Amino acid sequence: MGDPAATSVELTENNPVRARFPSLNRRMGDRPLIYLDHAATSLRPAEVIDAACDFCRLHDGNPHRGLHTLSAEATAVYEGTRERVARWIDAPPDAAVVFTRNATAAINLVARGIADHIGEGDEIVLTEMEHHANLVPWLMLAKKRRAVIRYLPVTDSGELALDTWPSVLSERTKIVALTHVSNVLGTINPIESIAEDAHRVGALVLVDAAQSVGHMPVSFARLGADFLAFSAHKSYGPTGLGFLVGRLDALERLEPMETGGEMIELVTFETATWAPIPGRFEAGTANISAVAAFPTAIDFIELYSAHAIDLHDKLLTEYALEQLLRIDDIRILGPLDPQLRGGLVAFDDTRVHPHDLATILNELGIAVRAGHHCAQPLHRKMGLSASTRASFGIYSDLTDIDALIDGIHQARKVFTR
Amino acid sequence: MNFDDLYRDVILDHHRHPRGTDPIDHPHASFFGVNPTCGDEVTVKLEIDRDKVVAIQVEASGCAISTAAGSMIAEAAVGKSFDQFQDLTESLKQMLRTGDPLDDPNLGDLDALIGVHQFPVRVKCATLAVTTALQAFKIYMKKHPSEARRELTIEAG
Ligand SMILES: Cc1ncc(COP(=O)(O)O)c(C=O)c1O
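Summary of the structure given here. (Residues numbered from 1 in each chain as written. Chains lettered and ligands numbered in written order. Predicted model: local features only at pLDDT ≥ 70, side-chain atom pairs only at ≥ 80, totals over all residues. Heavy atoms only, no water.)

1. Some details on the overall build of chain B
In terms of regular secondary structure, chain B is built from five helices and three strands. Order of helices (α) and strands (β) in chain B, N terminus to C terminus: α-β-β-β-α-α-α-α. For chain B, the C-alpha radius of gyration of 15 Å lies close to 15 Å, the compact-globule estimate for 157 residues. Taking the principal axes of the C-alpha coordinates as reference, chain B spans close to 55 × 30 × 25 Å. Here chain B holds 157 residues, and the buried ones make up 46% of them. Restricting to contacts in chain B with at least 6 residues of sequence separation, those with at least 24 account for 62%. With an accessible surface of roughly 7,600 Å², chain B has 50% of that area assigned to carbon and sulfur atoms. Separation of charge centres in chain B, based on 16 positive and 24 negative side chains, amounts to 6 Å. (Helix = DSSP H or I, 4+ residues; strand = E, 2+ residues; numbered from the N terminus. Rg over C-alpha atoms; globule rule 2.2 N^0.38 Å. Buried < 20%, exposed > 50% of the residue type's maximum accessible area, 1.4 Å probe, protein only. Contact = heavy atoms within 4.5 Å. Areas by Shrake-Rupley, 256 points an atom, 1.4 Å probe, with all protein chains shown as cover. Lys, Arg positive; Asp, Glu negative; His and termini not counted. Charge placed at Lys NZ, Arg CZ, Asp CG, Glu CD.)

2. Quick word on the overall build of chain A
Across its full length, chain A holds 14 helices and 17 strands. With the principal axes as the frame, chain A shows a C-alpha extent of 75 × 55 × 40 Å. When burial is assessed residue by residue, chain A has 59% of its 417 residues classed as buried. Sequence-distant contacts in chain A: of pairs separated by 6 or more residues, those separated by 24 or more amount to 71%. Total accessible area on chain A stands at roughly 16,600 Å², and carbon and sulfur atoms take up 52% of it.

3. Things to note about the packing of helix α1 (residues 9–16) of chain B against helix α2 (residues 64–77) of chain B
Residue and element names in this part refer to chain B. Between α1 and α2, the shortest axis-to-axis distance is 8 Å and the interhelical angle comes to 85°. With respect to α2, the element α1 is oriented roughly perpendicular. Residues Val10, Ile11, His14 and His15 of α1 form the contact with α2, whose participating residues are Ala64, Ile65, Thr67, Ala68, Ser71, Met72 and Glu75. Taken together, the residues of the contact of α1 with α2 break down into six nonpolar, four polar and one charged. (Axes fitted to C-alpha atoms, helices over the stretch in contact; angles between N-to-C directions. Parallel < 35°, antiparallel > 145°, perpendicular 65-115°, else oblique. Nonpolar A, V, L, I, M, F, W, Y, C, P; charged D, E, K, R; others polar.)

4. Overview of the environment of Ile191(A)
Residues and elements named next belong to chain A. With respect to the element layout, Ile191 can be found in helix α7 (residues 191–200). For Ile191, a relative accessible area of 2% corresponds to the buried category. Note: C-alpha distance between Ile191 and Val205 (14 residues apart in sequence) is 9.3 Å. Aside from chain neighbours lying at most four places away, what touches Ile191 is Leu178, Thr179, His180, Val207 and Leu223.

5. Some points on the site of the ligand
Residues and elements named next belong to chain A. For the ligand, the set of nearby residues contains 13 residues, the closest of which are Thr104, Asp208, Ser231, His233 and Lys234. A distance of 2.5 Å separates a nitrogen atom of the ligand from a polar side-chain atom of Asp208. If the ligand stood free it would expose 400 Å²; the protein chains cover 89% of that surface. Of the residues in the shell around the ligand, the class split is three nonpolar, eight polar and two charged. (Near = heavy atom within 4 Å. Polar contact = N/O pair within 3.5 Å; in protein donor to acceptor, adjacent residues only side chain to side chain.)

So this is what it looks like as structure tokens:
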């Protein structure tokens, strides 16, 4: 699988990868499962499931807690994953990888931990396309510190209105938090230039990479952000594990919000001091088997290459857009140019409500997401309360999209009889 | 797969031509309900006289099941006392839970929602309007305890 372009075409047209995903063997009644909800959680290949089980069967200790062999092995596995993730995500030596529960917890860690550095009237810049995970924690922070939230608007075509950017950013901006890829619009945002501008006014930059990692090559160093948050379970990895990658000088500014075992340096009856980064942000026992399994998910992605997966996503997105646009009364959310998008397409069928569509599709064995996809303000801005989303993983191919299109026509038949 | 059991003709008819849409300008009680997981919304306004619903306005935005259920509630609610409305709510919920047809004349067209029983994730769509209407009614009862009591004493007498 050397050539990413050839690999992506093979994945798109005659997908050999499916056999590696046990849950794709499920049948929905008398039909095969067609999984188009990758953006909610990716399915996991057998080797990742096995890796988690193997850890429990073999090492099964608690890292950094004891001198016996199992604990020592668990420590090596745990810290091995940290190094592997750092290399994979291209974190430079002056950055660290913190294990969290998920992307949401990683963002909360920053939004809550930074509170002491935010004062009344300081500004936090978000975009109108944020997932609630990268919105609500900042609302809480703003309320607590009497800070002001400013939004970089989204245009009608679903891109950031960058012409307004100079007026949104100011000397008062302390944090810019934005998504790399929108989980509704699919839009890929120009993080590098935004981070550069934000740093010029002294603001910190947090990037929500939940929908980009595992879909395209993501380099923490190249993006130029101070913080990067993502979840293992959207990248073929286990649930219950997420990551906060941060520059050390930025992480230093965060007060740990969860305290207790393993995150301390010295505890007396009166006081406690914190362990060095990253340990100070990892209070209590982690999801060790998930940490142990994640390198196998990285291996899986690297076997095909993130670049090939990106091309594969774009081929599928292009095909999905083309097919959907042939149907009357379907409105695509987000840019119409697949090159500007990640591997998902949300749409509004003005004839059949998303829930009704999703129920009928489910009866046909097709799993899509229907609702606001944790982006209520964005939906409201677009004049919708819900939409239907199809999202793609490495196991998706053109036949899945054909089935979706066919399903939409069947749903319309139910509603026009 | 036959979808007609879920999307029965009666349901599609209510969805396409919802009842209870005439505006009530001075409601005695109103309540806004939302289904946070999916974003369906409904506002119910009630006009109540002597503890009985005399007019109801349902403004629903959402899927066919939730809008149809709102329309059916609008029909079924008129003339009901608080207790009757509470019973109706319970009957509907029970039918959706058990899948057993109910022989409750209070339900009106609501019995057509029985197919929703097979789709547990959609039960909330079918109950949003009725629970919202019940909340509105409860607010009224809280604000007018005397009237409710008067009704009770009249019945007792
Ligand atoms: C853009 C975006 N950010 C954040 C999240 C939250 O991820 P998690 O639920 O794994 O914390 C999601 C997941 O839906 C997402 O799509």
